[in-house]
Amino acid sequence: EIDDGDACFFAGGSPTYLRHVTGSGEDGDLIWTHTTANSGQANFATWTLYFEAAGRYRIDAYTAHAYAQSKQAAYLVHASGTTTSVTIDQRAVDGWQSLGEFDFAAGGGQSVHLADNTGEAAANDVQLALDAIRIVPAGATPVDTPPPADGDDDDDDDHAGCAAGSSGSWLLALAALGVRRRRRDRMRR
């Protein structure tokens, strides 16, 4: 899972129009902006992905009803050198929505991107939620994983927590996620 505020999440555009809120969204916070009908993006979010091994994964996006109002949220999934646009109605689910399954290559240069230029006019005050995504091996069920029992808070990987493992190393990736979540929770205090 990559939440807003994680090292692999980047919100861009004018900070004036990126609203940070608490009390809603995955892990109790999210960022939102208004949609536009402009041809180019003004505000956006990018979740950077790095995979230890190639594989097929499902990408889910978190949409909280309190702020997710776009009917035309176009997520661009860049996987294995191909970009696929997946449009969802953020209002449809209060929680995790699947963007589909994608074949990812080993290594970096892969991402999920969401921009404010959905085609919904700014005059309509439609909010676009920029929150968390999660990566789940195809056919697997998402699980919450407790932090590792050893208490090790070291983040030794070279990809700042942006790495996902192959199906065989999924449990290791989940253990690393627990370490990263604890570090982020400490930073919020």
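Look up a bit, the structure's there.
Thresholds applied
Residues numbered from 1 in each chain as written. Predicted model: local features only at pLDDT ≥ 70, side-chain atom pairs only at ≥ 80, totals over all residues. Heavy atoms only, no water. Core = buried A, V, L, I, M, F, W, Y, C linked by side-chain atoms within 4.5 Å. Buried < 20%, exposed > 50% of the residue type's maximum accessible area, 1.4 Å probe, protein only. Helix = DSSP H or I, 4+ residues; strand = E, 2+ residues; numbered from the N terminus. Phe/Tyr/Trp six-rings, centres within 6.5 Å; stacked < 30°, edge-to-face > 60°. Lys NZ or Arg CZ within 6 Å of the ring centre and 35° of its normal. Pairing = 2+ DSSP bridges.

A. Highlighting the nonpolar core. The biggest cluster of nonpolar side chains holds 28 residues, and the ones touching the most others in it are Trp 47, Tyr 75, Leu 99, Phe 104 and Val 112. Elements that contribute at least two residues to this core include exactly β4 (44-51), β5 (55-63), β6 (73-79), β7 (82-88), β8 (95-104), β9 (107-115), β10 (127-130) and β11 (133-137). Judged by nonpolar contacts, the second largest core, of 6 residues, contains Leu 30, Trp 32, Tyr 62 and Ala 64.

B. Expanded view of the packing of aromatic side chains. Under the counting rule described, the total for this entry stands at 9 aromatic pairs. Centre to centre, the rings of Trp 32 and Tyr 67 are 6.3 Å apart; their planes meet at 25 degrees, and the pair counts as stacked. Of this pair, Trp 32 sits in strand β3 (residues 29-34) while Tyr 67 is found in the loop between β5 and β6, placing the two residues 35 residues apart along the sequence. A centroid spacing of 5.1 Å and a plane angle of 80 degrees characterise the contact between Tyr 62 and Trp 96, whose relative ring orientation is edge-to-face. Of the two residues, Tyr 62 sits in strand β5 while Trp 96 sits in strand β8, which places them 34 residues apart along the sequence. Connected via pairs of aromatic rings, a cluster forms that spans Phe 51, Tyr 57, Phe 102 and Phe 104. Directly above the ring of Trp 32 sits Arg 19, whose terminal nitrogen or CZ lies 4.6 Å from the centroid.

C. Main features of the pairing of β3. Counting buried positions along β3 gives 5 out of 6 residues, so the element sits mostly inside the fold. Pairing analysis gives 4 bridges linking strand β2 (residues 19-22) to β3, with the strands arranged antiparallel. Across the sheet, residue Thr 22 finds its bridge partner in β3, namely Asp 29. Between β2 and β3, which pair antiparallel one after the other, the connecting turn spans 6 residues, and Gly 23 there sits at a positive phi close to 90 degrees. Bridge count between β3 and β10: 4 bridges; the pairing is antiparallel. When the sheet's bridge partners are listed, Ile 31 is paired in β10 with Leu 130.

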